[in-house]
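An overview of the molecular structure
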Amino acid sequence: ISKFFADTLSILELKVSFTQKSIIAPAEQGFILDGLFSENASFKEVSLIDLAGMETSKRERGVSSPKLKNVSLLPYFTSALSGKKYVSEVYQTAEGPAMTISSPVINRNGDIVQILAAEVSLQSLATSISGSRAGTSGMLYVTDSSGRIIAGRHFGRDFRGVDVSGDERVKAVLGGTLFSGLLPEDRFRSFILGELVVGAGKKISGPNWGVFVEWPVTDADAVLNEVRGQVVSFAWAGILIMLLLAPLFAARFTKSIEELREGAESIEKGDFEKKLEIKTGDEFEELGNSFNKMAVGLKRLQEIRNEFVYLVTHELRSPITVIKGSLSMIREGSAGPVAGQMAEFIDMLWQ
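Parameters at a glance
- Residue numbering note: each chain is counted from 1, following its sequence as written.
- Given that this is a predicted model, residues contribute local features only at a pLDDT of at least 70 and side-chain atom pairs are listed and counted only at 80 or more, while totals for whole chains, interfaces and linings are drawn from all residues.
- Side-chain metrics in this entry use all non-hydrogen atoms of the structure; hydrogen atoms and water are not considered.
- Here the term buried applies to any residue with accessible area under 20% of the maximum for its type, exposed to any over 50%, and partly exposed to those in between, with areas from a 1.4 Å probe on protein chains only.
- Secondary structure elements are defined from DSSP: runs of H or I of at least 4 residues count as helices, runs of E of at least 2 residues count as strands, and each element is numbered from the N terminus.
- Along the arc lie the directions from the helix axis toward the C-beta atoms.
- Every residue gets a pLDDT, meaning the predictor's confidence in that residue, from 0 to 100.
- Pairing between two strands requires that DSSP report at least two bridges joining them.
- To pair, rings of Phe, Tyr and Trp, with the six-membered ring standing in for Trp, must have centres within 6.5 Å; the planes then decide the type, stacked if under 30 degrees apart, edge-to-face if over 60, and tilted in the middle.
- Method remark: on a 1 Å grid restricted to protein atoms, a set of points is classed as a cavity if a 1.4 Å probe fits but cannot get out and as a pocket if it is open with protein on both sides within 12 Å along at least five of seven lines; lining residues have an atom within 4 Å of a point.
- Grid points are joined across faces, edges and corners, and a volume is the space filled by probe spheres set on the points.
- The term salt bridge refers to a pairing of a side-chain nitrogen on Lys or Arg with a carboxyl oxygen on Asp or Glu at a separation within 4 Å.
- We define a polar contact as two N or O atoms separated by no more than 3.5 Å, with the added condition that, inside protein, one atom must be a possible hydrogen donor and the other a possible acceptor, whereas residues neighbouring each other in sequence contribute only through side-chain atom pairs.
- When checking whether two residues touch, look at their non-hydrogen atoms; a contact exists if any pair is within 4.5 Å.

Side note on helix α1 (residues 2–11)
The set of residues buried in α1 consists of Phe 4, Phe 5, Thr 8, Leu 9 and Ile 11. Taken end-on, α1 shows its buried residues confined to a sector of 155°, consistent with a single buried face.

Shown next as structure tokens:
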């Protein structure tokens, strides 16, 4: 409903490109009205009005040459002339419910140059509302701002035109109160259906209408019990499936953890060749792949260390041999006598 009014009012927002404060050219007026008629099928009548209140151009469905009228005293003209959009109360026509809306036509300087008005049929909207139902026996109805039902049908009975303004809940909703239908006080005896219902209501700010849903408690509780039973059944089924699958998942996790433990023990013993074959398609497999990469890195590190030790040992072996040979010759006296304390130092180096 809100979208219907937003779209309809937006179509009437007409701005002209000229700056002078004069009416639109007659040829352009006809072009504009024809475009509005083709754009919105709910328009029954649309007209352009000068600032004196005289219709200057008009289109009416089913009428080839509609009569132009003076509307200077009508509220949709006076309201739009003051710069405000106008939305009338709903009234009944031979084709169904309708309402009149209007909007000022503005030039580039922001001056009002004409008034654009339209009579809008609400029949398609009323048909949609009347065909809506909550559950198997609930009812949706809409009231205007005065509390009179615009559209609402229940098992062949048409409540259109019924005055429910005396209902306290209708008054509250039209005053801006929201009823969600979820609270204990939202169960009450319906003024319309004459039985205990679950009710919800909300105000639509655009046309200041009230939308109400009333659902007989017997029907609502039956649906609620059915949903509750389905929820309980799904819950038990879920628990049973989890109990059946839990051992499988536990065994899968345990096996992966055991493989990781064995891999860690192999590395501790210096065996870097063992590869973990974890094919679970989850985080355990990623951890196993990371573990294998770590083992390759540790193996390479060990090879580098062994190579370093070998090189150091090889490079130090030759100078140590020369030093030992020279010390042996000194101790044997081949280089001449050695003083007492010097002999002690040489013996220490030899050892």
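Points about the confidence of the model for the chain
For the chain, mean pLDDT is 85; residues scoring 70 or higher make up 95% of the total. Across the chain, helix α3 (residues 75–81) holds the top mean pLDDT of 95, while helix α8 (residues 340–350) sits lowest at 70.

Observations regarding the sheet that holds strand β11 (residues 196–204)
Across the sheet, which stays open at both edges, the six strands sit in the order β9-β8-β7-β12-β11-β10 with antiparallel pairing between neighbours. Edge positions in the sheet fall to β9 (157–158) and β10 (187–189), since each of these pairs with one other strand and no more. Across three bridges, the pairing between β10 and β11 is antiparallel. Within the sheet, the bridge partner assigned to Arg 189 lies in β11 and is Leu 196.

A closer look at the packing of aromatic side chains
Enumeration over the complete set of coordinates arrives at three aromatic pairs. Aromatic side chains Phe 4 and Phe 5 sit 5.5 Å apart centroid to centroid with 85° between the ring planes, which places their arrangement in the edge-to-face category. As far as the burial class goes, Phe 4 and Phe 5 line up, both buried. Geometrically, the ring pair formed by Tyr 141 and Phe 212 is stacked, given 5.2 Å between the ring centres and 15° between the ring planes. Of this pair, Tyr 141 sits in strand β7 (residues 139–143) while Phe 212 sits in strand β12 (residues 209–216), and the two are 71 residues apart along the sequence. Classification of Tyr 141 as buried rests on a relative accessible area of 2%. Among the aromatic residues, those joined into a cluster by ring pairs are Phe 4, Phe 5 and Trp 209.

Examining empty space enclosed by the protein
Counted by the stated rule, this structure contains one cavity of 30 Å³ or more. Its boundaries defined by the atoms lining it, the largest cavity holds a volume of some 70 Å³. Along the walls of the largest cavity sit 13 residues, with Tyr 141, Arg 169, Phe 188, Phe 212 and Glu 214 positioned nearest its centre. Of all the elements in the fold, those that place two or more residues in the lining of the largest cavity are α5 (168–174), β11 and β12.

Considering the pattern of salt bridges
For the structure shown, the criterion picks out 14 salt bridges. Of the charged contacts in the structure, one is a salt bridge between Lys 3 and Asp 7, with a shortest N-O distance of 2.7 Å. A residue pair is termed a helical-turn pair when its members lie 3 or 4 positions apart in one helix, as Lys 3 and Asp 7 do in helix α1 at four residues. With a relative accessible area of 60%, Lys 3 lands in the exposed category. Measuring nitrogen to oxygen at the nearest pair gives 4.0 Å for the salt bridge that ties Arg 148 to Asp 163. Within this pair, whereas Arg 148 is found in the loop between β7 and β8 (149–154), its partner Asp 163 is found in the loop between β9 and α5, the two being separated by 15 residues in sequence. Judged by relative accessible area, Asp 163 falls into the partly exposed class, the value being 38%.

Re the side chain of Thr 100
Structurally, Thr 100 can be placed in strand β5 (residues 96–106). At 2.8 Å, the side chain of Thr 100 forms a polar contact with the side chain of Tyr 91. Ignoring anything within four residues of it in the chain, the contact list for Thr 100 reads Tyr 76, Tyr 86, Val 87, Ser 88, Tyr 91, Ala 118 and Glu 119.

Considering the side chain of Glu 45
For Glu 45, the location among the structural elements is in strand β1 (residues 43–49). Take Glu 45: its relative accessible area is 18%, and that puts it in the buried class. Apart from residues no more than four positions distant in its own chain, Glu 45 is found in contact with Phe 37, Lys 58, Arg 59, Glu 60, Ala 117, Ala 118 and Glu 119.

With respect to helix α4 (residues 123–130)
Within α4 the residues assigned to the buried category are Leu 125, Ala 126, Ile 129 and Ser 130. Projected onto a plane normal to the axis of α4, the buried residues spread over an arc of 130° and lie on a single side. Each element contacted by the buried residues of α4 is listed here: α1, β5, β7, β8 and β12.

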